[in-house]
Amino acid sequence: MPAITVDDITVLPRLAAPDPLVARQRGVKSVTRAPSAFEGEGFPVRRAFAGVDLRDLDPFIHLDQMGEVEYAPGEPKGTPWHPHRGFETVTYMIDGIMEHSDSNGGGGSITDGDTQWMTAGAGILHIEKPPEHLVVSGGLFHGFQLWVNLPRSMKMAAPRYQDLRADEVALVASDDGGALLRIIAGEVGGHRGPGSTYTPMTQIHATLSPGAQLSLPWRADFNGLLYVLNGDGAVGAEDRPIGSGQLAVYGPGDVLTVRASQVQESRSPNMDVLILGGRPIHEPVAWMGPFVMNTRAEVVQAFSDYQAGRLGSIPAVHGAPDHVVSTSDEGVTP
């Protein structure tokens, strides 16, 4: 897993362990397994948030694990041009190379620990694809795309683009040196990542050695989510078992814990996890395909604006879901 690392973790700053006398460990509300699917022109993904109530995910909307897949020559695939409005896409590459272009002039290549942060805001068209040389040669491809909701007041903000290089990510060791944390956005224990976010949030990729335990001070007003890329371990105050391809939703508290099993598979000698948290927006969500708004009427307007060419004129082929999904204080309605 080539995402940025260090030869000697002992040279990194240490994350102070939370005080057990005052800190409150979070329990686990649920553990779910991500189903497999295909996105865009046919690249394999795992839908990490499938089956989880949007209100437990708030302010996040969607998370795809892209790969991990070893492509033969001629097999690498991407997505065609497609629109977005009302949220931010965060693409984090672990292995392989992804190229991005958008109608606002943003774009570039990301690889091995790089992140592209695109704020769609009022509307944008973009495309994600492997570079031509990777299509010709084949190779390993593994990454994530996260959708972060925007509050009503920011949904029509001007689009923007952030290119976060791997060497900009804040690298921190756990208090005992058993885990490496890559802080991409937000802050934990006084250490801050480079990502600039409209919605207050934290995003971390952590690697735990066998038997290591990671205890993170976590804002009480943030939700807490943990997705296992590879390896096995346990999460939460109750030490609930979790493994590769599973998502844990934490309950309330101000400490988030994960522990790696003492014995791991030979192909995954460590446990790798993606840890997310954000301040819930607590607004209604109306989501269909590439648009995440507050009402059905706003979703319909987004499609109308796209079809009228107000987001650009490149045709889109993009789905998920294929009908409007709404949330409100009263519950969820299809």
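Below, the structure is looked at part by part. Only a predicted model underlies this, so the values are computations on that prediction, with no experimental measurement involved.

Thoughts on the nonpolar core
Line of reasoning, step 1. If you look at the biggest cluster of nonpolar residues, it comprises 40 residues, and the most contacted ones within it are F49, F60, L63, L146 and L225.
Line of reasoning, step 2. Beyond its immediate chain neighbours, meaning those up to four positions away, L146 contacts F49, F60, H62, L63, E88, T89, V90, M201, Q203 and L276.
Line of reasoning, step 3. In terms of nonpolar packing, the next biggest core, distinct from the first, is built from 29 residues, L208, L226, V258 and V273 among them.

Here's the deal with the pairing of strand β4 (residues 60–71)
Line of reasoning, step 1. Buried residues dominate β4, accounting for 10 of its 12 residues.
Line of reasoning, step 2. The sheet contact formed by β4 and strand β11 (residues 139–149) spans 10 bridges and is antiparallel. Following the sheet pairing, Q65 is matched in β11 by F144.

As for the side chain of N149
Line of reasoning, step 1. Assignment of secondary structure puts N149 in strand β11.
Line of reasoning, step 2. Those residues in contact with N149 that sit more than four places away from it in its chain are P59, I61, G86, F87, K155, T199, I281, V285 and V292.

Describing unusual backbone geometry
Line of reasoning, step 1. A cis amide bond links D58 with the next residue in sequence, P59, at an omega value of 20 degrees.
Line of reasoning, step 2. Mapped onto the elements, P59 comes out in the loop between α1 (54–57) and β4.
Line of reasoning, step 3. The phi dihedral of D239 is positive, around 55 degrees, even though this residue is not glycine.
Line of reasoning, step 4. You can call D239 partly exposed: its relative accessible area is 37%.
Line of reasoning, step 5. Look at H282: it is not a glycine, yet its phi comes out positive at around 60 degrees.
Line of reasoning, step 6. With respect to the secondary-structure elements, H282 resides in the loop between β24 (271–278) and β25 (285–288).
Line of reasoning, step 7. Assessed through its relative accessible area of 68%, H282 is described here as exposed.

Here is what the cut-offs are and how they apply
- Residue numbers here run from 1 along each chain, matching the order of that chain's written sequence.
- Per-residue local features are limited, in this predicted model, to residues with pLDDT of at least 70; the limit for side-chain atom pairs, both in listing and counting, is 80 or more; totals at the level of whole chains, interfaces and linings are taken over all residues.
- Side-chain numbers come from the whole structure's heavy atoms, not from hydrogens or water.
- Residues belong to a common nonpolar core when they are buried Ala, Val, Leu, Ile, Met, Phe, Trp, Tyr or Cys residues joined through side-chain atoms within 4.5 Å.
- Between buried and exposed lies partly exposed: a residue is buried under 20% and exposed over 50% of the maximum accessible area for its type, with that area taken using a 1.4 Å probe on protein chains only.
- Should any heavy atoms of two residues lie within 4.5 Å, those residues are considered in contact.
- The helix count covers DSSP runs of H or I at least four residues long, the strand count covers runs of E at least two residues long, and both are numbered beginning at the N terminus.
- Any two strands are treated as partners once DSSP identifies two or more bridges connecting them.

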